[in-house]
Amino acid sequence: MSLRIEPNEKYLLISFSDNTINQTSIEQLKEFISTADKENYVVLDFSNITSVNKEMLSALEGQLQQLMNTDGFIVFASSDEKINTDIAATFNDPDLLILPTVDEAVDYIFMDEIENEIGGEG
């Protein structure tokens, strides 16, 4: 299996065991989405990814949009500048968030939740 999907209480972690995103990964994600609930937060772990195909990134984006709530967001975990540039060019989202590690992505999600709770009280 080239894709590992780990649901957590606050977010969904999607990791790639291969070093590239391939059609198998996209199909596995599509199969998961067909039965999944909508998510507020998705973390994509690109730490194993060494190269990306823009066509596969576009297919990945299409699948992720079906998985997300309208107010949710995706956090990429990648420290490779070339891959980050390709992600930014493909997703073309001014609010795109790419952090170096999964831990930082998860921390960001928890901080966002706290911020939303504090902002919602006032």
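In the block above lies the structure referred to throughout.
Residues numbered from 1 in each chain as written. Predicted model: local features only at pLDDT ≥ 70, side-chain atom pairs only at ≥ 80, totals over all residues. Heavy atoms only, no water.

1. Remarks on the packing of helix H1 (residues 23–33) against helix H2 (residues 54–67)
Put simply, the rule is: For helices, the axis comes from a line fit to the C-alpha atoms of the stretch in contact; other axes are also lines fit to C-alpha atoms, and the angle between any two N-to-C directions lies between 0 and 180 degrees. Numbering of helices and strands runs from the N terminus, with a helix taken as a DSSP run of H or I at least four residues long and a strand as a DSSP run of E at least two residues long. Roughly parallel covers angles under 35 degrees, roughly antiparallel covers those over 145, roughly perpendicular covers 65 to 115, and oblique covers all other angles. Two residues form a contact once any of their heavy atoms are found within 4.5 Å. In this count, Pro and Cys sit with the nonpolar residues alongside Ala, Val, Leu, Ile, Met, Phe, Trp and Tyr, while Asp, Glu, Lys and Arg are called charged and the others, Gly among them, polar.
Their axes nearest at 10 Å, the elements H1 and H2 cross at an angle of 10°. Between H1 and H2, the crossing angle belongs to the class labelled roughly parallel. Counted together, Gln23, Ile26, Leu29, Lys30, Phe32 and Ile33 of H1 and Met56, Ala59, Leu60, Gln63, Leu64, Gln66 and Leu67 of H2 form the full contact between these two elements. Grouping the amino acids of the contact of H1 with H2 by side-chain chemistry returns 9 nonpolar, 3 polar and 1 charged.

2. Overview of the pattern of salt bridges
Applicable threshold: Throughout this description, the term salt bridge denotes a Lys or Arg side-chain nitrogen within 4 Å of a carboxyl oxygen of Asp or Glu. Under the scheme applied here, a residue whose accessible area is under 20% of the maximum for its type counts as buried, over 50% as exposed, and between as partly exposed, the area being computed with a 1.4 Å probe on protein chains only.
This structure, assessed with the given rule, holds 3 salt bridges. Taking the shortest distance from any N to any O, the salt bridge between Arg4 and Glu6 comes out at 2.5 Å. The exposure class of Arg4 is partly exposed, given its relative accessible area of 46%. Put simply, Lys10 and Glu113 hold a salt bridge, and the shortest N to O gap is 3.0 Å. A residue pair is termed long-range when its members are at least 10 positions apart, and Lys10 in the loop between strand S1 (3–7) and strand S2 (12–16) and Glu113 in helix H4 (residues 102–121) qualify at 103 residues. Judged by relative accessible area, Glu113 falls into the buried class, the value being 18%.

3. What to know about a nonpolar patch on the surface
Condition: Patches were defined on residues exceeding 30% relative accessible area and lacking a salt bridge, with like-charge contacts within 9 Å and nonpolar side-chain contacts (Val, Leu, Ile, Met, Phe, Trp, Tyr) within 5 Å. Per-residue and other accessible areas were derived by the Shrake-Rupley procedure at a 1.4 Å probe size, with only the shown protein chains allowed to occlude residues.
Taken together, the side chains of Met111, Ile114 and Ile118 define a hydrophobic patch exposed on the protein surface, amounting to about 320 Å² of accessible area. By the secondary structure assignment, Ile114 is in helix H4. By relative accessible area, Ile114 is classed as partly exposed at 43%.

4. Overview of the nonpolar core
Formally: In this text, buried Ala, Val, Leu, Ile, Met, Phe, Trp, Tyr and Cys residues form a nonpolar core when linked through side-chain atoms within 4.5 Å.
Core analysis: the biggest nonpolar cluster contains 24 residues, and Ile14, Leu44, Phe46, Leu60 and Leu64 have the highest contact counts within it. Elements with a minimum of two residues in this core: S2, H1, strand S3 (39–45), H2, strand S4 (68–77) and helix H3 (81–91). Of the residues forming this core, the biggest block, 5 residues, is contributed by H2. If you look at the next biggest cluster of nonpolar residues, it comprises 10 residues, including Tyr11, Leu13, Val75 and Ile109.

5. As for H3
Heads up, the condition is: What the arc describes is the spread of directions from the helix axis to the C-beta atoms. In protein, a polar contact requires one atom able to donate a hydrogen and another able to accept it; more generally it is a pair of N or O atoms within 3.5 Å, and residues adjacent in sequence count only if both atoms are side-chain atoms.
All buried positions along H3 are accounted for by Ile83, Asn84, Asp86, Ile87, Thr90 and Phe91. Down the axis of H3, the smallest arc covering the buried residues is 160°, so these residues share one side. Residues of H3 that are exposed and angled more than 90 degrees away from the buried face: Glu81, Lys82, Thr85 and Ala89. Regarding H3, its N-cap is Asp80, as a side-chain oxygen of that residue lies 3.0 Å from the backbone nitrogen of Lys82 further along. At the exit of H3 stands Asn92, carrying a positive phi of roughly 45°.

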